[in-house]
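Overview (structure and organization)
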Amino acid sequence: RRASDRDIAEPPRVRPDAVRRTLTTNQGFYFLDDSSTTLRHYKNGAWTTVALPSGGSCAGSWDRPKNELYIRTYSQLGFRVINTTNDTIVRTITDATNVGENSRTGSLSGNFFYTRTSSATLQKFDAVNGMKTDTGLTPLSQHTASDTDPATGLVYISGYAGNGTSFQRYNPANNTLTTLAN
């Protein structure tokens, strides 16, 4: 039986003003208040916690074939990868470039994690060794959030400040950014 929202008691907020991120996986779902070092995991009708060495952002993705959860580091471009079968940190990619937490961009496509600061170009990180490449492409909106279509690998970017109504699609295969709505 799949749990409905009414069946699940929400964990308490770490901060009352925190933005929350929920990612659903084959192993239940994960819940994180931005800046928190406590990642919550709901599985088999109960909440457990995973201690993070530093605060996590609400930007992230799930790699279904590898059962890996990607969470951008709070206020930085770097990220950590968690194995969702045993809730252990597999690797941490460090990039201390400052990111205001109004940027909710952090999406995995193929073997690359895409993220950005609030007004800069989209950055492409190798998901294993962390090598960073600048795509040279700047989304229309200053502040963005993103998610990946796992079937196509396309990354969708939605704006919410500046040109806040923009909706764009990034194609990693040919490094193009297409405006779908503005």
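Residues numbered from 1 in each chain as written. Predicted model: local features only at pLDDT ≥ 70, side-chain atom pairs only at ≥ 80, totals over all residues. Heavy atoms only, no water.

A closer look at the nonpolar core
Core analysis: the largest hydrophobic core is formed by 10 residues, namely Tyr70, Leu77, Phe79, Val81, Ile93, Val99, Leu108, Phe113, Phe125 and Ala127. Setting aside its immediate chain neighbours within four residues, Phe125 contacts Leu77, Phe79, Ile93, Asp95, Asn111, Phe112, Phe113, Thr115, Gly130, Met131 and Lys132. Counting residues in hydrophobic clusters, the runner-up holds 8 residues, among them Tyr30, Val50, Leu52 and Leu69. (Core = buried A, V, L, I, M, F, W, Y, C linked by side-chain atoms within 4.5 Å. Buried < 20%, exposed > 50% of the residue type's maximum accessible area, 1.4 Å probe, protein only. Contact = heavy atoms within 4.5 Å.)

Brief notes about the environment of Ile93
Following the sequence through the fold, Ile93 ends up in strand β8 (residues 88-93). When its relative accessible area of 6% is taken as the criterion, Ile93 is described as buried. Sequence separation between Ile93 and Val128 is 35 residues, and the spatial gap between their C-alpha atoms is 8.0 Å. (Helix = DSSP H or I, 4+ residues; strand = E, 2+ residues; numbered from the N terminus.)

Thoughts on the pairing of strand β13 (residues 144-148)
Here β13 shows one buried face, formed by Thr144, Ser146 and Thr148, and one open face, formed by Ala145 and Asp147. Here 5 bridges tie β13 to strand β14 (residues 155-159), and the two strands are oriented antiparallel to one another. Within the sheet, the bridge partner assigned to Thr148 lies in β14 and is Val155. Hairpin connection of β13 to β14: 6 residues between the antiparallel strands, including Gly153 at a positive phi of 80 degrees. (Pairing = 2+ DSSP bridges.)

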